[in-house]
Amino acid sequence: MKKTEFREIYDQYHSLVTKIAYDVIEDFQLAQDITQDVFVSLYLNRNSIDMQRVKGWLITCTTRKAIDYRRKTYYEWEVVGKEDITYLGSDTISAECEVLKREILSQILAELYQKNRQWFYIIMKIDIEGEKPEAVANEMGITLNNLRVRHHRAKKWLSHRYTEK
């Protein structure tokens, strides 16, 4: 792997790795440390990693390192006042699935945003944030029936776009 290839991989996946670590640890500085560890591991193991599958490797490595950090006893002492720390346990597969689900959802929402910003706003407000349709209609300055039609069209487009044919 050349220095430029490593830099491209770093630039492309740095934010994803940091977000995954933060989602597990819930501490930004520690998530940055984990990100650094992951990319050091990538560099040290660059000859044994299939670069076609580097994204999956980064997700797996980050999840495991973050869980390991969380398990360590020194982390409990550093997070003073956080008594509700929940451990993910050894089930890294479910943690990886959650990360992939979030990534897929964000890709779907980004595509909806590109297609129609009002549909994106309506789906975000009603389906994701759980706001009442009446409040969203008032906020948008449209009638409730008009909102329902737009919501239906957005869901229909999503269904058509993401169902197998």
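For the structure, check the block above.
Bear in mind that the values here come from a model prediction, so they are computed numbers and not experimental data.

Caption draft 1: Focus on the pattern of salt bridges. A full pass over the atoms with the stated rule returns 9 salt bridges. With a shortest N-O distance of 3.5 Å, Glu 129 and Lys 125 are connected by a salt bridge. For Glu 129, a relative accessible area of 47% translates into the label partly exposed. The exposure class of Lys 125 is buried, given its relative accessible area of 15%. Sharing partners across several salt bridges, the network here consists of Lys 125, Glu 129, Glu 131 and Glu 139.

Caption draft 2: Structural context of the nonpolar core. Membership of the largest hydrophobic core comes to 21 residues, with the highest contact counts inside it found for Ile 9, Ile 34, Phe 39, Leu 42 and Leu 58. Put simply, the parts of the chain that give this core at least two residues each are helix H1 (3-25), helix H2 (28-44) and helix H3 (54-71). With residues up to four places along the chain from it excluded, the contact list for Ile 34 reads Ala 21, Ile 25, Thr 62, Lys 65, Ala 66 and Tyr 69. In this structure, Leu 109, Leu 112, Trp 119 and Met 124 belong to the second largest nonpolar core, which totals 8 residues.

Caption draft 3: Representation of unusual backbone geometry in the model. Backbone geometry places Glu 26, a non-glycine residue, at a positive phi of 60°. Within the element layout of this structure, Glu 26 appears in the loop between H1 and H2.

Analysis parameters
Per chain, residues are indexed from 1 in the order of the written sequence. Thresholds applied to this predicted model are a pLDDT of at least 70 for local features of residues and 80 or more for the giving and counting of side-chain atom pairs; totals over whole chains, interfaces and linings are not thresholded and use all residues. Processing note: side-chain calculations cover all non-hydrogen atoms of the structure and skip hydrogens and water entirely. Every case where a carboxyl oxygen of Asp or Glu lies within 4 Å of a side-chain nitrogen of Lys or Arg is listed as a salt bridge. Three exposure classes are used, based on accessible area relative to the maximum for each residue type with a 1.4 Å probe and protein chains only: buried under 20%, partly exposed in between, and exposed over 50%. Throughout this description, the term nonpolar core refers to a set of buried Ala, Val, Leu, Ile, Met, Phe, Trp, Tyr and Cys residues connected via side-chain atoms within 4.5 Å. Helix numbers and strand numbers start at the N terminus; a helix is a DSSP run of H or I with at least 4 residues, a strand a run of E with at least 2. The contact criterion used is simple: two residues touch if any of their non-hydrogen atoms lie within 4.5 Å.

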